[in-house]
Every structure is written in C-alpha cells, then in structure tokens.
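Remarks on the overall topology
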Amino acid sequence: MLIKKVAIGNEHEAFIENRFSDKMNIISSDDNNRGKTILIQGMMYALGNNPVFPSTFNYTNYYYIVEFLHNDIIYKICRNKDLFFIQFNESLIIFENVSELKRYWHKNISSLPIITKNDFKRIVDPELYLQVFFVGQDKKDTSNIANKGLYNKEDFKNMLYSLAGIKNDIVDIDNIKNIRQKISNLKDEKKLLLKQSKILKSQKKPIAYLSSTNDRINFKDSLKKIEKVKGKLTELNKDRNKNINRKFKCEITIKELNSLNRNLESGELVCLECGSNHIGYKATTKQKYSFDISTPEIRKQILESLNNKIQDYQEEVERITLLINKEQSKLKELLSVEEISLESLVAYKDDVLSVSDAENKLNSIEDDLKKLENQKKEASNDIEGVKEEQNNLYYSILSTMNESYNSVDPLGNIEFDNIFTKKTETYSGSEQTIYHLVKVYSLAKILKHDYPIVVDSFRAEDLSTKKEKVILDLFKKLDTQIILTTTLKSEEIGKYDKKEFDFINHIDYSNHSPSKILQSRYVDEFKKLLGGFSINFR
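Residues numbered from 1 in each chain as written. Predicted model: local features only at pLDDT ≥ 70, side-chain atom pairs only at ≥ 80, totals over all residues. Heavy atoms only, no water.

Turning our eyes to something else, we now look at the overall build of the chain. Check the secondary structure of the chain and you find 13 helices and 15 strands. The C-alpha radius of gyration computed for the chain amounts to 40 Å, which surpasses the reference 24 Å derived for 538 residues by more than 25%, pointing to a less compact arrangement than a globule. Summarising its shape, the C-alpha atoms of the chain cover approximately 110 × 90 × 40 Å along the three principal directions. For the chain, the proportion of contacts with a sequence separation of at least 24, taken over those separated by at least 6, is 69%. For the chain, the exposed area adds up to about 30,500 Å²; of that, 47% sits on carbon and sulfur atoms. Here the chain contributes 84 positive and 80 negative side-chain charges, whose respective centroids are spaced 3 Å apart. (Helix = DSSP H or I, 4+ residues; strand = E, 2+ residues; numbered from the N terminus. Rg over C-alpha atoms; globule rule 2.2 N^0.38 Å. Contact = heavy atoms within 4.5 Å. Areas by Shrake-Rupley, 256 points an atom, 1.4 Å probe, with all protein chains shown as cover. Lys, Arg positive; Asp, Glu negative; His and termini not counted. Charge placed at Lys NZ, Arg CZ, Asp CG, Glu CD.)

This is the structure we're talking about:
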C-alpha cells in the first residue's frame with residue numbers, strides 16, 4: 001500500500017500533498033504549527049481512525065481525501081464526519097460509518113485482522129489496526145494502546161496473531177468445552193443404563209462371554225488391575241536393584257580394604273598432597289565425617305560393619321524377590337483365560353438377551369465416547385500448537401525490539417519482555433521515542449505487512465542525531481513506504497538535503513504560515529478531487 005496523495009479542505013480553504021515517494025519520506029519544518037500533524041492526522045482520519053487533531057483545529061468543517069495504490073489499483077477515499085466515499089476504477093461506493101467501511105475494505109480491498117471479543121468474532125476497527133503502523137504525536141503510551149476505549153492490550157496482541165495468520169485460540173477452547181459437555185452427558189446416560197440393567201455389570205465370567213458391554217467393563221477392570229501389578233513390579237525391581245547395587249559397593253570396598261592391608265605390610269601409604277599416612281573411610285559421600293583406617297583395629301571393625309551390611313542387603317534382596325514372585329503370580333492369573341462351560345453360557349443367555357436394547361444403546365454410547373475423546377485430544381493438541389505459534393511470534397517481535405533497541409542505544413539498559421510496559425512503569429524522554437520506533441519497526445519486520453509506516457514527530461523528546469541515523473538506517477531496510485515528520489532545530493535546517501541522506505524524499509513545510517496550512521489557492525484543485533466523488537459545493 002502506497003500513499004500517493006493527501007488532501008484536506010472545504011470550499012474556502014484546502015491543502016494537497018502529493019510529493020510522497022515510494023520509500024522514505026520526511027516532512028520537516030523549522031518550527032511547530034506548520035501543518036505536519038494536521039496532514040498526518042487527516043490521512044489517518046480518512047482511513048477510519050478516531051479524530052486526534054489539535055484542539056484549535058475544527059476538523060468537522062473539512063473533507064479528507066487519501067489516494068493510495070494497492071495491488072496496482074488506485075483507490076481514493078474521502079471522509080466527511082462519519083460519511084465515507086471510496087472511488088476506484090469506475091466505481092464509487094458510499095458508507096455511512098466506519099463499520100460499513102471496514103467490512104467493505106476487508107472483503108474487497110485487503111483482509112483486516114479478525115479477533116474474538118466478548119465471545120464474538122470481530123473485524124477490528126481502524127482505530128486498532130492503524131496502530132500497527134502508525135504512531136501519532138499525541139496519546140502515546142508505553143503501557144497501553146493509543147485510543148483506549150473499546151479495545152485493550154489483549155485485543156492488540158490477538159490482532160497481531162490474526163495478522164500473522166495464527167488462529168484465535170478462544171474459539172478452540174469453546175469447542176473443547178462443548179466436547180467435554182457432550183462426554184459428560186453420555187457418561188451420565190451410560191451410568192443410568194448400567195444402573196437399570198445390573199446384569200451387564202455382573203462379575204460372573206459367563207456374562208462377559210455373552211455381553212460385549214460386560215466384556216468391555218470387565219476388560220477395563222482387568223487392565224486397571226494389570227497396570228497396578230505392573231507398577232508394583234516396577235517399583236519392587238527398582239528397590240531390589242538398589243539393594244544389589246549397595247551390596248556390590250560394599251563388596252568392592254572390602255576388596256579395597258583388604259588390598260590396603262597388604263600394601264601396608266610391604267610399605268606405607270601416604271597422601272601425595274600433604275604427605276600424611278592417615279587413610280580415611282566414608283560410608284557415603286553425603287557423610288561429613290570419616291574413619292581413620294590406618295590402623296588394623298579400625299580396619300577390622302570397618303570390615304565387620306561392611307560384612308553385616310552385605311548380609312542385610314542380601315536378606316532384603318531375597319525378601320523383595322519373594323514379593324516380586326508373588327506379584328508375578330498375580331499377573332499370570334490376570335492374564336490367564338478361564339474356560340467357561342457351555343452349561344454356564346446357556347444358563348445366563350436369557351438374562352443377557354432381556355437387556356439387549358440397553359446393551360445396543362450402551363455400545364452406541366461407547367462408540368460416541370471414543371470419537372469425542374479423540375476430538376478432544378485433537379482439539380487440545382491444536383490449542384497447544386496455536387499457543388506455541390503465538391509465543392513464537394510474540395518472542396520474535398520482542399527479540400527484534402531488543403535487537404533494534406541495542407543497535408540504537410548500545411549503552412541503554414532497557415530489555416523488553418513485553419510489548420507494553422506495566423502501568424507503574426513508563427519510559428521517559430528519548431527512551432519513549434525509541435520504544436515506539438523500535439516497536440513499529442519490529443511489527444513491520446516480523447509481520448511483513450504492506451502498510452506504510454507513519455510516525456508523526458519521530459524525533460520527539462530530543463532523539464540524538466546519532467540515534468536518529470541508526471533509526472533511519474533500520475527503517476531504510478524495510479520494504480515498505482515510510483512517512484515521518486519532524487521539527488528541525490535551526491542548526492539542522494537543510495540536513496536532509498545532504499548526500500548522506502540521499503535515500504530520503506525531503507518535503508519541507510518551513511515556508512507554511514504558522515497554523516495556516518489550509519489556503520485558498522488549493523481550493524480549485526481540491527474541488528476537482530471532490531468532484532471525483534460526485535461531491536459538489538452549492
């Protein structure tokens with residue numbers, strides 16, 4: 001999307017700006033009140049934004065026109081109060097409010113982000129999505145969105161996800177709630193049917209042969225018992241292995257102590273670090289104390305202690321082995337298939353047949369439950385995937401904000417861990433300016449949107465020349481149109497006309513009379529522009 005022309009006026013006074021280039025544009029003046037903010041706010045107002053004009057400017061008295069190129073089509077949009085006109089090719093369409101405009105825009109010009117708000121899907125209004133690429137001179141806030149009202153910070157984040165093509169998870173959560181409710185209802189119905197047909201819950205083996213419902217119930221019970229035995233076997237095996245390991249360590253230590261005894265008989269062991277001939281023994285590495293085993297008496301006592309431990313561990317291993325064998329027998333019994341006599345089957349046949357309708361219904365419920373459980377699992381996985389995508393996008397934006405901030409201010413100590421600051425925090429001076437610039441830059445870089453970046457008074461709060469240069473170099477790399485405004489100090493006049501800034505289309509408003517951007521000499525041309533919308537002054 002390329003802004004080609006912005007026009008503001010009525011039958012008495014007007015102004016037209018048509019000097020925009022496709023890349024970077026800076027509108028400057030040597031003083032304030034030369035019309036830069038009225039031009040920028042007029043542009044945004046024509047695109048559907050809430051009015052944020054200077055208090056001395058009665059914006060309701062004027063028409064606002066923006067001409068832009070999108071997908072090789074020149075669109076012209078005109079706004080007067082809540083009335084919008086869109087003209088392109090041979091078409092002219094009129095809208096009576098912003099809602100009509102955004103719906104048409106979404107359907108016919110360019111897709112707009114959709115978020116879920118108050119349980120309803122909603123195409124976001126221009127007052128929110130314009131903030132992705134526009135930073136105004138006023139109403140800037142680091143802890144919240146500009147133009148607070150209908151929308152909040154969470155809406156802004158959801159809008160970013162929508163712009164990135166990431167689904168809104170709230171809808172999926174509602175879907176899971178519905179699935180859970182269906183599952184709960186079916187389980188209640190199943191419980192009632194089983195209560196009415198007690199034969200289907202019988203523990204008698206022949207019933208399981210005759211009834212699929214009973215077989216399923218008994219099979220689930222058997223599985224639970226098998227899992228329980230399996231878990232117990234696992235724990236017992238772990239316990240037995242621990243005791244075997246401890247016994248093994250004791251045996252190794254005894255061998256080492258016996259070896260130490262032989263060495264002492266043929267010589268003397270000394271510590272290579274301190275030269276001491278005292279050799280110590282610690283039962284475990286956790287103990288803070290140790291035994292001096294340099295003497296045969298102590299070594300003998302230690303060896304006896306270790307042999308006692310080995311005996312205890314061996315007894316414990318044998319005890320656990322018996323428990324393991326007992327659980328293994330239980331497992332074999334659970335896995336065994338009991339033979340059922342034909343007489344038993346005949347005896348219970350009539351009982352099972354009498355509840356065949358209930359059993360058919362229970363089978364149907366069981367099938368539905370399986371499908372719903374699968375749907376719930378898939379929906380849960382989907383939500384996890386969506387959350388991961390959202391987190392990846394969010395942290396990509398934060399990462400780019402931090403990276404660009406460090407390049408602008410290498411000595412700065414700000415680290416962005418959120419797109420917005422907390423209510424109790426705020427960036428002051430040039431920090432606030434840098435925050436808004438790196439945020440709008442990062443959104444453009446990560447989202448790769450095709451809107452122009454528009455920043456009114458981009459050097460507010462005294463952004464230094466060095467930092468300004470880094471910002472301009474960053475923005476220059478973006479593949480999008482840039483429109484910036486600034487008021488130059490007296491020593492800076494003419495700076496953007498120098499060769500080092502030859503990538504900038506400099507538009508100078510210094511010759512505008514203060515607070516008089518609208519002039520009668522533009523009226524005739526402005527009337528022609530309005531004529532394109534079939535608007536004529538009487």
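With that settled, the discussion passes to the pattern of salt bridges. Scanning all chains against the criterion turns up 28 salt bridges. Salt-bridge contacts for D30 lead to R34; the nearest nitrogen and oxygen are separated by 3.3 Å. Overall, D30 belongs to the partly exposed group, its relative accessible area being 34%. Between R79 and D82 there is a salt bridge, and its shortest N-O distance comes to 3.7 Å. Residues joined in a network through salt bridges with shared partners are K190, R216, K220 and E366. (Salt bridge = Lys/Arg side-chain N within 4 Å of Asp/Glu carboxyl O. Buried < 20%, exposed > 50% of the residue type's maximum accessible area, 1.4 Å probe, protein only.)

With respect to the helices, strands and loops of the structure, D409 is situated in the loop between α10 (356–408) and α11 (430–447). Through-space distance from the C-alpha of D409 to that of V132 is 23 Å; in sequence the pair is 277 residues apart. Other than its neighbours up to four places away in sequence, D409 contacts I434 and K467.

Sheet topology places strand β4 (residues 63–70) next to strand β5 (residues 73–80); 7 bridges connect them, and they run antiparallel. Among the inter-strand pairings, E67 is bridged to a residue of β5, identified as K76. Hairpin remark: β4 followed by β5, antiparallel, with 2 residues in the connecting loop; positive phi at N71, about 55°. Looking at chain direction, β5 and strand β6 (residues 83–88) are connected through 6 bridges and run antiparallel. If you follow N80 over to β6, its bridge partner there is L83. Once β5 ends, the chain turns through 2 residues before running back antiparallel as β6, passing K81 with a positive phi of about 55°. (Pairing = 2+ DSSP bridges.)

Together, L83, L92 and I94 make up an exposed nonpolar region whose accessible area comes to about 230 Å². Along the chain, I94 turns up in strand β7 (residues 91–95). (Patch = residues over 30% accessible without salt bridge, like charges linked within 9 Å, V, L, I, M, F, W, Y side chains within 5 Å.)

Aromatic ring pairs: the centre-centre distance and the angle between the two ring planes describe each pair. In total, this model carries 25 aromatic pairs according to the counting rule given. Each member of the aromatic cluster is reached from another via a ring pair, and the members are Y45, F53, F57, Y59, Y62 and Y64. Just above the ring of F156 sits the side chain of K439; from NZ or CZ to the centre is 5.3 Å. (Phe/Tyr/Trp six-rings, centres within 6.5 Å; stacked < 30°, edge-to-face > 60°. Lys NZ or Arg CZ within 6 Å of the ring centre and 35° of its normal.)

Let us look at the UniProt feature "coiled-coil region" (unreviewed entry) in the chain. Feature annotation in UniProt places "coiled-coil region" (unreviewed entry) on residues 176–203, 303–330 and 355–389, given in this structure's numbering. With 97% helix and 0% strand, residues 355–389 has its two end C-alpha atoms placed 51 Å apart. (UniProt positions renumbered as here; feature names shortened; annotations may be inferred.)

Now for the pairing of β4. Counting buried residues along β4, 7 of its 8 residues qualify, which places the element largely inside the surrounding structure. Relative to β4, strand β1 (residues 2–9) runs antiparallel, the two being bridged by 7 bridges. Following the sheet pairing, I8 is matched in β4 by Y64.

Read across the sheet, 6 strands follow the order β2-β1-β4-β5-β6-β7 without closing on themselves; strand pairing throughout is antiparallel. Of all strands in the sheet, those bounded by a partner on one side alone are β2 (14–17) and β7. Across the sheet, the mean angle from the axis of one strand to that of its neighbour is 15°, orientation sign disregarded. With respect to the sheet, helix α1 (residues 36–46) is in contact with β1, β2, β4, β5 and β6, its orientation differing from that of β1 by roughly 105°. (Axes fitted to C-alpha atoms, helices over the stretch in contact; angles between N-to-C directions.)

Another point: the side chain of D456. The residue D456 is located in the loop between β13 (453–455) and α12 (465–476) in this model. Buried charge without a salt bridge: D456, with K36 as the nearest opposite-charge side chain at an N-O distance of 6.6 Å. A distance of 2.8 Å separates the side chain of D456 from the side chain of T37, its partner in a polar contact. Once you skip the residues sitting within four places of it in the chain, D456 turns out to touch K36, T37, I40, V135, G136, Q137 and T485. (Polar contact = N/O pair within 3.5 Å; in protein donor to acceptor, adjacent residues only side chain to side chain.)

Below, the discussion takes up the sheet that holds strand β3 (residues 24–29). With respect to topology, 5 strands assemble into an open sheet ordered β10-β13-β14-β3-β15, the strand pairing being parallel. Of all the strands in the sheet, the pair left with one neighbour each is β10 (134–135) and β15 (504–508). Of the strand pairs in this sheet, β3 and strand β14 (residues 482–487) are connected by 6 bridges, and their pairing is parallel. Bridging from a neighbouring strand, I26 pairs with L484 of β14. Along the sheet, α1 contacts β3, β10, β13 and β14; its crossing angle with β14, the most-contacted strand, is approximately 150°.

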